[in-house]
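# Notes for the structure review
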Amino acid sequence: MIVASKRERAAYYLYVIPAFLCFGIFIFWPTVQSFYLSLCKYSMSSINKDPKFVGLYYYKNLFGSSQFWQVMKNTGVFTFFSVPFSLVLGLLMAIMVYSKLVKYKTFYKVALYIPYVSSMVAVASVFKILFNANLSNSVVNQLFMKIGLPKVDWLGDPQWAMFVIILVSMWKGLGYIMIIYLGGLCGISDDIYEAADLDAVTPWKRLTKITAPLLKPTTFFLLATETIGSFQVFTPVNIITNGGDPFGSTSTLITFLYDQGFEGGHMGKASAISVIIFVILSILTVIQKRMTDED
Amino acid sequence: MNKLENKNNVSYKRSMQLKSLGMNILLILITVIMLTPLLWMLATALSPNTMIPPAKLLPEKFTLQNFGDAWFFPGKIGLNPDLTMGTFLMNSLIVTICITIGGIICDSLAAYVLAFKEFPGKNLLIFLALATLMIPSYVTLVPQYIIIAKLKWLNSYQAQIVPFLASGMGITLFRSHFLSVSKELVESAKIDGASDFRIYSTIVMPIAKPIIATMTILKAMWSWNMYMWPLIVCKKVEMMPLQVSIGFFQGQNVTQWGLLCAGMTISMLPLLIVFLLCQKFFVGGIQAGAVKG
């Protein structure tokens, strides 16, 4: 080991300064600031005035407002439906692509992964046109009428609007989940399946008794990251339902934060929302750690 | 006996072939369903404009008119006659390239000393780099905006680039890769009198090519598709990146479906081309990012 001179050691700090200055100014200081601002009245239009301390006013305000609970419920519903369905479908896709019976694996991997690489803005815009309620003849309704189904007011009906948001998010994320599961499947030894083949195990049992249990770590990982990601859904809601239409039925925590802070200019209230998001996500992260450690 | 076995074998083979055929058909179906929204977008972009969006996956008449119309559309809505899609494409390219290259430099420089050198505060810095992964970006949104506003950076490239120049994941990935490179290699170069910067740029970075590829892809994909932050800091149309401009025009109640779809196709194409060219790195990169991040 060569002992570095004092001057050399001082130079080491030059290497870390760009990155950590960036972290300091744009991550750590804002995090601390978020907590402080959540206790203040502070308006976007008078950003150079000092924030006025109001204590827990915004937290009380939020927890007492039905809008906040509506947003929490919407975010919960979105997560509750999108995450499990994506995981199951992603796993099935991965198993099929991984199967020895399938040729041209790379083709499927690439093709199924394309939605994940596409921009959510464009993809959400496409779904908006496909399901648009303002057009009596949205693409999906045209198809529905052709096969004799009744027209649906996709984006005007609260439940269907949420369905479209969930659908586009799942559609975009499936390729990623499949790729992660494929990584997990590569880790399972072929011997296990060969032994199962000798015992003539049914495909269903193969899936539920062998594959799924062995993929538990991958599933935990995806469950946690997808849940955390779902709590932060913004773009599809912003594009497809203009941030929460109809009647706030699709607004989520982040669109609420965006509306309050950047449309309404209530920086203090928006900070309080972001602190609440932080607490929720931290709890989810701790649960994830517990679950993976137990494994 | 022999005959029976043979027969069994043939029927086994046949059943496997059938299974294989079924599986492939099913997968092709799934793939087509998964790609339908994008194929529809492309087909609509290539069809002449209609009043109601066409429910077809193949254009009846083929035209490139929409792409030209979409390209010049931003200049025609009365904001700034010089605007084209090219403006937004350029903005997105500048932001993406700066974040990707700048980010890789910042991350790898920090990772270099954090991997090979001993100095006071090193462990704290490693901890802090990991801690950034635990802080969701939305938590810092409001104060970040205030900082940018106070720096008078609203509607600028800096606002879209500087906050993302370093990433905890990049530092972590680079550092673990550097640690797997033999420490002796670095120290023997040191004995030969090479300066630290030289070791970093001529020995360590060339060995880290796989991580550079991974990080390039992750950062490029992320910054090209970034939406909420530029939406907040870019209110001036001239500074908008592609994604924000698509959201913007989509919100103008445009009913020229072909034009809209052509615009969206343009906004996706650059990244899709990069993806198709380097899909190997993409898949590996996503898996690496998932394990560490």
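Residues numbered from 1 in each chain as written. Chains lettered and ligands numbered in written order. Predicted model: local features only at pLDDT ≥ 70, side-chain atom pairs only at ≥ 80, totals over all residues. Heavy atoms only, no water.

### A look at the overall build of chain B
Our working definition: Numbering of helices and strands runs from the N terminus, with a helix taken as a DSSP run of H or I at least four residues long and a strand as a DSSP run of E at least two residues long. Computation of the radius of gyration draws on C-alpha atoms, with the globule rule given as 2.2 Å multiplied by the number of residues to the power 0.38. The buried label applies to any residue whose accessible area, calculated with a 1.4 Å probe on protein chains only, is under 20% of its type's maximum; exposed applies above 50%, and partly exposed to all values in between. The contact criterion used is simple: two residues touch if any of their non-hydrogen atoms lie within 4.5 Å. Residues counted as positive are Lys and Arg, residues counted as negative are Asp and Glu, and His and the chain ends are not counted. By convention, the charge on Lys lies at NZ, on Arg at CZ, on Asp at CG and on Glu at CD.
Secondary structure summary: chain B contains 14 helices and zero strands in total. When the helices and strands of chain B are listed from N to C terminus, the series reads α-α-α-α-α-α-α-α-α-α-α-α-α-α. A compact globule built from 293 residues would reach a C-alpha radius of gyration of about 19 Å, whereas chain B, at 26 Å, exceeds it by more than 25%. With respect to the three principal axes, the spread of C-alpha positions in chain B is 85 × 70 × 35 Å. For chain B, with 293 residues in total, the buried portion stands at 54%. Long-range contacts, defined as pairs at least 24 residues apart, comprise 73% of the intrachain contacts of chain B with a sequence gap of at least 6. One way to put it: in chain B the 22 positive side-chain charges average out to a point 9 Å from where the 11 negative ones average out.

### Some words on the domain arrangement of chain B
Residues and elements named next belong to chain B. The cut-off we apply is this: The domain limits used here are those given by an automatic or database domain assignment. Values labelled buried area give the accessible surface lost by two parts on being combined, using a 1.4 Å probe and summing over both. Distance and chemistry together define a polar contact, namely a pair of N or O atoms within 3.5 Å, with one atom able to donate a hydrogen and the other to accept it when in protein, and with adjacent residues in sequence counting only for side-chain atoms on both sides. In this classification, the charged set is Asp, Glu, Lys and Arg, the nonpolar set is Ala, Val, Leu, Ile, Met, Phe, Trp, Tyr, Cys and Pro, and all remaining amino acids, among them Gly, are polar.
Once the domains are mapped, chain B shows domain 1 (2-63) and domain 2 (85-292). Once you take the C-alpha centre of each, domain 1 and domain 2 turn out to be 36 Å apart. Listed per partner, the contact involves eleven residues of domain 1 and ten residues of domain 2. The three residues of domain 1 that bury the most area against domain 2 are Met 41, Ala 45 and Asn 49, which together make up 56% of that side's buried surface. The tally of links between domain 1 and domain 2 comes to two residue pairs in polar contact (both at pLDDT 80 or more). Looking at the side of domain 1 that touches domain 2 residue by residue, the class counts come to eight nonpolar, three polar and no charged.

### Brief notes about the environment of Asn80(B)
Residues and elements named next belong to chain B. Position of Asn 80 relative to the elements: it lies in the loop between helix 2 (65-72) and helix 3 (85-116). The class of Asn 80 is buried, set by a relative accessible area of 17%. Expressed as a C-alpha distance, the spacing of Asn 80 and Ile 146, which sit 66 residues apart in the sequence, is 28 Å. With residues near it in sequence (within four places) discarded, Asn 80 still touches Pro 74, Gly 75 and Glu 238.

### Re the nonpolar core
In a soluble, globular protein the nonpolar side chains are often hidden away together inside. The line we're drawing: In these notes, a set of buried Ala, Val, Leu, Ile, Met, Phe, Trp, Tyr and Cys residues joined through side-chain atoms within 4.5 Å is what counts as a nonpolar core.
By size, the foremost hydrophobic cluster in this structure holds 193 residues, and its most contacted members are Phe20(A), Leu112(A), Tyr112(B), Ile171(B), Phe178(B) and Met264(B). With 16 residues, helix 7 (residues 158-186) of chain A is the single largest residue contributor to this core. Every residue in contact with Leu112(A), bar those within four places of it in the chain, is listed here: Met93(A), Val97(A), Gly175(A), Met178(A), Leu27(B), Ile30(B), Thr31(B) and Met34(B).

### A look at the packing of aromatic side chains
Using the following cut-off: Stacked, tilted and edge-to-face are the three classes applied to pairs of Phe, Tyr and Trp rings, where Trp contributes its six-membered ring and a pair requires centres within 6.5 Å; stacked means planes under 30 degrees apart, edge-to-face means over 60, and tilted covers the rest. Each ring is checked for a lysine NZ or an arginine CZ that lies within 6 Å of its centre and within 35 degrees of its normal; such an atom marks a charge sitting over the ring.
A complete count under the given rule lists 36 aromatic pairs over all chains for this structure. Where Tyr13(A) meets Phe119(B), the ring centres are 5.1 Å apart and the plane angle is 80°; that geometry is what we call edge-to-face. On the criterion of chain membership, the pair formed by Tyr13(A) in helix 1 (residues 6-37) and Phe119(B) in the loop between helix 3 and helix 4 (122-131) is interchain, its members lying in two chains. Under the relative-accessibility criterion, Tyr13(A) is labelled partly exposed at 30%. We classify Phe119(B) as buried; its relative accessible area is 7%. Considering the side-chain rings of Phe107(A) and Tyr108(A), the 5.3 Å spacing of their centres and the 65° angle between planes classify their relative orientation as edge-to-face. A cation sits over an aromatic face here: Lys172(A) above Tyr116(A), 5.4 Å from the ring centre.

### Topic: empty space enclosed by the protein
Residues and elements named next belong to chain B. Defined as follows: Each cavity reported here is a set of points on a 1 Å grid over the protein atoms alone in which a 1.4 Å probe fits but cannot get out, each pocket an open set with protein on both sides within 12 Å along at least five of seven lines, and each lining residue one with an atom within 4 Å of a point. Grid points are joined across faces, edges and corners, and a volume is the space filled by probe spheres set on the points.
Inspection of every chain in the model, using the stated rule, returns two cavities of 30 Å³ or more. By volume, the largest cavity amounts to about 90 Å³. Taken together, Ala 70, Phe 73, Pro 74, Met 85, Ile 246, Phe 249, Leu 259, Leu 260, Gly 263 and Met 264 make up the lining of the largest cavity. Only helix 12 (242-250) and helix 13 (257-277) provide two or more residues apiece to the lining of the largest cavity.

### Concerning the interface of chain A and chain B
Heads up, the rule is: By definition here, a salt bridge exists when the distance from a side-chain nitrogen of Lys or Arg to a carboxyl oxygen of Asp or Glu is within 4 Å.
Each side of the interface is counted separately: chain A has 85 residues, and chain B has 92 residues. Counting each side, the surface lost to burial between chain A and chain B is near 8200 Å², with a carbon and sulfur contribution of 79%. For the chain A face of the interface with chain B, the top three residues by lost area are Tyr15(A), Phe26(A) and Leu101(A), together amounting to 10%. Between chain A and chain B we count zero salt bridges in total. Residue classes in the side of chain A that touches chain B are distributed as 62 nonpolar, 18 polar and five charged.

### Overview of the environment of Gly76(A)
Within the secondary structure, Gly76(A) is located in helix 3 (residues 66-98). Separated by 177 residues in the primary sequence, Gly76(A) and Leu253(A) have C-alpha atoms spaced 9.7 Å apart.

### So, a nonpolar patch on the surface
Quick reminder of the rule: Here the term patch refers to residues with relative accessible area over 30% and no salt bridge, with like charges joined within 9 Å and nonpolar side chains (Val, Leu, Ile, Met, Phe, Trp, Tyr) within 5 Å. We get accessible surface area from the Shrake-Rupley algorithm with a probe of 1.4 Å; when it comes to residues, only the shown protein chains can shield them.
Taken together, the side chains of Leu18(B), Leu21(B), Ile25(B), Leu26(B), Leu29(B) and Ile33(B) make up a nonpolar region of the molecular surface, amounting to roughly 600 Å² of accessible area. Position of Leu18(B) relative to the elements: it lies in helix 1 (residues 2-45).

### Some thoughts on the layout of surface pockets
Computed from the structure, the second largest pocket encloses a volume of approximately 930 Å³. Lining of the second largest pocket is provided by 24 residues; of these, Ser99(A), Leu101(A), Asp197(A), Arg206(A) and Met23(B) occupy positions nearest its centre. Sort the elements by how many residues they give to the lining of the second largest pocket and helix 1 of chain B lands first, with five residues. Per-class residue counts for the lining of the second largest pocket are 14 nonpolar, four polar and six charged.

### Re the state of the cysteines
To keep things clear, this is the line we draw: To count as a disulfide, a pair of cysteine sulfur atoms needs to be within 2.5 Å.
The tally for this structure, following the rule as stated, stands at zero disulfides over all chains. Cys98(B) carries a free sulfur, and the closest cysteine sulfur to it, the one in Cys106(B), is 12 Å from it.

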